There are 2 protein chains.
Amino acid sequence: MSAPAYSRPAPESNQGVLLARRLLPPVLREWVERLGGELATVCGYQLGLCDDRGKPTGGVGGKLLRPAFTLLCGAATGARPADVVPAGAAIELLHNASLIHDDIMDGDRERRHRPTVWARFGEATAILAGDALIALGFEVLAAQRHAATARSVEVLAKTLRLLARGQELDLRFESEARVSVDECLTMMTGKTGVLLGCACRLGAAHSGAPAEWAVRFERFGVHLGVAFQLADDLLGIWGDPAVTGKPVGADLLARKKSAPVAAALSAGTTGSARIAALYARPGQLTGAEVDQLTELIEEAGGRDWTIAEADRQVSAAWDLIDGLDLDGPARSSLATLTGTLLNRDH
Amino acid sequence: MSAPAYSRPAPESNQGVLLARRLLPPVLREWVERLGGELATVCGYQLGLCDDRGKPTGGVGGKLLRPAFTLLCGAATGARPADVVPAGAAIELLHNASLIHDDIMDGDRERRHRPTVWARFGEATAILAGDALIALGFEVLAAQRHAATARSVEVLAKTLRLLARGQELDLRFESEARVSVDECLTMMTGKTGVLLGCACRLGAAHSGAPAEWAVRFERFGVHLGVAFQLADDLLGIWGDPAVTGKPVGADLLARKKSAPVAAALSAGTTGSARIAALYARPGQLTGAEVDQLTELIEEAGGRDWTIAEADRQVSAAWDLIDGLDLDGPARSSLATLTGTLLNRDH
């Protein structure tokens, strides 16, 4: 087995992330409190604003990466932070709504080292809490009454529709023996791409930049979202357990049809057939089999394809905004954050 | 036991209902098709646009009462149907989203004489389908780009937030021995009132009427929604099984804390204590016990209170819009529809 080559550091010192962590929590807290009752506690718990009894944590749970992109895309196109904070909050609220609902569907009991909402509060409350966070997302965005608001709401709604479609594909792939790389990329676009695309677009849309720029930033974000997911898929097989907090070859143990696996299965080699046979075999895979799968996937070109595809996505992203006259420091923070998330800095 | 006094005829011949059934299905069909894949089938099934394999039914499943109110409130305040059809569609989509999610939470397996979405397609797909219908609701409303769009989206989002709160109360009441009439009215406002309030408000908001009128129509709709729920609660105890399609005293068999029960329990009489004891007794209630409960609730004033409260709500509703200069025929259709739903016409 190869040495782990991918690990993902927390991008704590990035300008966008720092800004998001300073500006977002008060807004998220204010909106979640509007829910009242148990839903305020449950949604606050999901966002990491409070513990499971409603006691404030003083911070948030997630990395706020998506709002960081909103803020940086806003700054890059001339927005003041206040112009784009509601959009960043809307993205974070929708993201957490989809996490709550996905965790129910996937039966995942733990997230960020705590029980998931359904595992802690029951399924009925979790369904409601997801709905409530969706409601807050649209409410915070619509309440701003920016000139771009109606268009932005439409984009947010389209994003929620495509997220549902992405999750539908993901659930379907679980029961299919083979997933093509194109299907895999379509699913990634739905599950990860469109939300980051929306995050970037709303940043640019609320800055007063030309409407055409907003569309470019959306496509920029979609490509980056897919690239980040591809990097995650590499981590799921070749990630360092000390960094990922997951066992070696976690995605293989779970028999996920992630991008490297889909690419290796599509190669049509004898190795592809052996991977398919191991995935089809009933029962838990042994450590030796995970090692074997890892090698087979590398030999069938699954790792190289995934690395090359991530590169293609990142190039396509930057090509879209390279010709635009953007704010220098913001553009540079955007590049740093992207690089950090793709582990280009080590 | 008293003879059944309440039955609810289908308001088929009402102008608003006729208009909604002519104008809404093509719009609903167009938006549901955007979902693609299985979600288009599942959401189409919920709306009654197709069967469980996607074969078109040529119509819709629900009565489209809420969009009928949107269209009539629009017409009453001078809107053309085209101005308010997207708002009516948004209301119907959100209503069906909440039905799908509520059916999962309540474990209800049948609706409109067909299996519910979760019972037919599984819980995961049902959660996703609800999310997808919420997305479509916001998308159809935002896509209109009316001058009032941003404000209307905010109202729709607030409505979704309050619906979640209403359902949370409803779930909580199930495990509480006693529910006060105030709590009961708060829950009804959340579960039924706010959505009809939103339906009426968006009709008036997209007609170019003064903003203050829209707020009045929202409150009008909230009061009517509560009144309709109170009438439903009367049907749940005294309804004619031949009309309701449910057994005699259906809500008592299910030990629901509906408004007449809450009022009777709050009366503080010896009858109240006997109702509480019967509700607390483990095991299925017998037919004789249901008859006894029905009498006890009447004697404790539960029925009279509910009828009087429905009257108060209806009066409060009409008081809000009585002074406005409305279109005569539309206002008259609104009155007829309201009367029909409250069974005033026989």
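In this text, all values refer to a predicted model and were calculated from it rather than measured experimentally. (Residues numbered from 1 in each chain as written. Chains lettered and ligands numbered in written order. Predicted model: local features only at pLDDT ≥ 70, side-chain atom pairs only at ≥ 80, totals over all residues. Heavy atoms only, no water.)

### Looking at the overall build of chain A
Put simply, the rule reads: Per the convention used, a helix needs a DSSP run of H or I reaching at least four residues, while a strand needs a run of E reaching at least two, with both numbered from the N terminus. Taken over C-alpha atoms, the radius of gyration is set against a globule rule of 2.2 Å times the number of residues to the power 0.38. Only protein chains enter the calculation, and the probe is 1.4 Å; a residue is then buried if its accessible area is under 20% of its type maximum, exposed if over 50%, and partly exposed in between. The criterion used for residue contact is that any of the two residues' heavy atoms lie within 4.5 Å. Computed by Shrake-Rupley with a 1.4 Å probe, the accessible areas treat only the displayed protein chains as cover when residues are assessed. In this charge count, Lys and Arg are treated as positive and Asp and Glu as negative; neither His nor the chain ends contribute. All charge positions are set by atom: Lys at NZ, Arg at CZ, Asp at CG, Glu at CD.
A count of helices and strands for chain A gives 16 helices and two strands. Whereas a compact globule of 346 residues would reach a radius of gyration of roughly 20 Å, chain A reaches 20 Å, a difference of no more than 12%. Principal-axis analysis of the C-alpha atoms places the extent of chain A at approximately 60 × 50 × 30 Å. The 346 residues of chain A split such that 58% are buried. Partitioning the contacts of chain A with sequence separation of at least 6, the portion at a separation of at least 24 is 73%. Accessible surface computed for chain A: about 13200 Å², of which carbon and sulfur atoms make up 51%. Placing the 36 positive and 42 negative side-chain charges of chain A at their respective mean positions leaves the two points 3 Å apart.

### Brief notes about the relation of the copies chain A and chain B
Between the two copies of this chain, the relationship is a rotation about some axis together with a displacement along it. Short version of the rule: The copies are overlaid by a least-squares fit using only the C-alpha atoms of residues whose pLDDT is at least 70 in both copies.
Once chain A has been moved 0.0 Å along the axis and rotated by 180°, it coincides with chain B to within an RMSD of 0.0 Å. With respect to symmetry, the two chain copies, as superposed, fit the operation of a two-fold axis. Nearest to the rotation axis, the C-alpha of A150(A) is located 2.7 Å from it, this being the minimum over chain A. Looking at chain A, 100% of its interface residues are interface residues in chain B too, so the copies touch through the same face.

### Observations regarding the pattern of salt bridges
All names here are of chain B. Convention followed: The term salt bridge refers to a pairing of a side-chain nitrogen on Lys or Arg with a carboxyl oxygen on Asp or Glu at a separation within 4 Å.
Applying the stated rule across the entire model yields 38 salt bridges over all chains. Among the ionic pairs, K158 bridges to E218, the shortest N-O distance being 3.2 Å. Here K158, found in helix α7 (residues 149-174), pairs with E218, found in helix α9 (residues 211-238); they are 60 residues apart in sequence, far enough to count as distant. Note that R303 is salt-bridged to E298, the shortest N-O span being 3.3 Å. Given a relative accessible area of 11%, R303 falls into the buried group. The exposure class assigned to E298 is partly exposed, which follows from its relative accessible area of 27%.

### Here we look at helix α12 (residues 259-266) of chain B
Note on helix geometry: an α-helix contains 3.6 residues per turn, so any two residues three or four positions apart are oriented the same way. Residue and element names in this part refer to chain B. Counting buried residues along α12, seven of its eight residues qualify, which places the element largely inside the surrounding structure. The set of residues buried in α12 consists of A259, P260, V261, A262, A263, A264 and L265. Where the residues of α12 are buried, they touch α8 (181-205), α9, α11 (250-253), α13 (270-280), α14 (287-299) and α15 (302-321). One or two steps after α12, the chain reaches G268, where phi turns positive at roughly 70°.

### Some details on the environment of A75(B)
Residue and element names in this part refer to chain B. Relative to the helices and strands, A75 is located in helix α3 (residues 65-76). Taking relative accessible area as the criterion, A75 reaches 27% and is therefore assigned partly exposed. Distance in space between the C-alpha atoms of A75 and A263 is 38 Å, their sequence separation being 188 residues.

### Thoughts on the packing of aromatic side chains
Note the following rule: The aromatic pairing rule takes the rings of Phe, Tyr and Trp, using the six-membered ring of Trp, and pairs them if the centres are within 6.5 Å, calling planes under 30 degrees apart stacked, those over 60 edge-to-face and the rest tilted. Think of it as a cone above the ring: NZ of Lys or CZ of Arg counts as a charge over the ring if it is within 6 Å of the ring centre and within 35 degrees of the ring normal.
Here the structure, examined in full by the defined rule, presents nine aromatic pairs over all chains. Between F220(A) and W318(A), the ring centres sit 5.0 Å apart and the planes meet at 80°, which makes this aromatic pair edge-to-face. Of the two residues, F220(A) sits in helix α9 (residues 211-238) while W318(A) sits in helix α15 (residues 302-321), which places them 98 residues apart along the sequence. W318(A) matches F220(A) in its accessibility class, with the two residues each being buried. With a centroid separation of 5.5 Å and 80° between ring planes, the pair formed by Y45(B) and F121(B) is classed as edge-to-face. You can see Y45(B) sitting in helix α2 (residues 37-47) and its partner F121(B) sitting in helix α5 (residues 117-121), a full 76 residues away along the chain. Looking at Y45(B), the relative accessible area reads 4%, which means it is buried. Taken together, the ring pairs connect F217(A), F220(A) and W318(A) into an aromatic cluster. Seen from the ring of F121(B), R120(B) lies directly overhead, with NZ or CZ sitting 4.7 Å from the centre.

### Digging into the interface of chain A and chain B
Under the convention used in this document: Summed over both partners, the accessible surface that disappears when two parts come together, traced with a 1.4 Å probe, is what is meant by buried area. Polar contact is defined as a pair of N or O atoms within 3.5 Å, subject to the rule that within protein one atom must be able to donate a hydrogen and the other to accept it, and that residues adjacent in sequence are counted only when both atoms are side-chain atoms. Gly is put with the polar residues, along with every residue not named as nonpolar or charged; the nonpolar set is Ala, Val, Leu, Ile, Met, Phe, Trp, Tyr, Cys and Pro, and the charged set is Asp, Glu, Lys and Arg.
Taken together, the contact between chain A and chain B spans 37 residues of the former and 37 residues of the latter. Together chain A and chain B conceal approximately 3300 Å² of surface at their shared face, both sides included; 69% is due to carbon and sulfur atoms. If you look at where chain A meets chain B, you find four salt bridges. Note that E154(A) and R145(B) form a salt bridge whose closest N and O atoms lie 2.3 Å from each other. Seen at the junction of chain A and chain B, the total is 10 residue pairs in polar contact (both at pLDDT 80 or more). Looking at the side of chain A that touches chain B, the elements with two or more residues in it are α1 (15-35), α2 (37-47), α4 (81-106), α6 (123-142) and α7 (149-174) of chain A. When the residues that make up the side of chain A that touches chain B are grouped by side-chain class, the tally is 20 nonpolar, five polar and 12 charged.

### What about the environment of L293(B)?
All names here are of chain B. Examined against the element boundaries, L293 turns out to sit in helix α14. L293 sits 40 residues away from L253 along the chain, and the two C-alpha atoms are 9.9 Å apart. When residues no more than four places from it in sequence are discounted, the contact partners of L293 are L252, I275, L278, Y279 and L285.

Worth remembering: the numbers are spatial, not functional.
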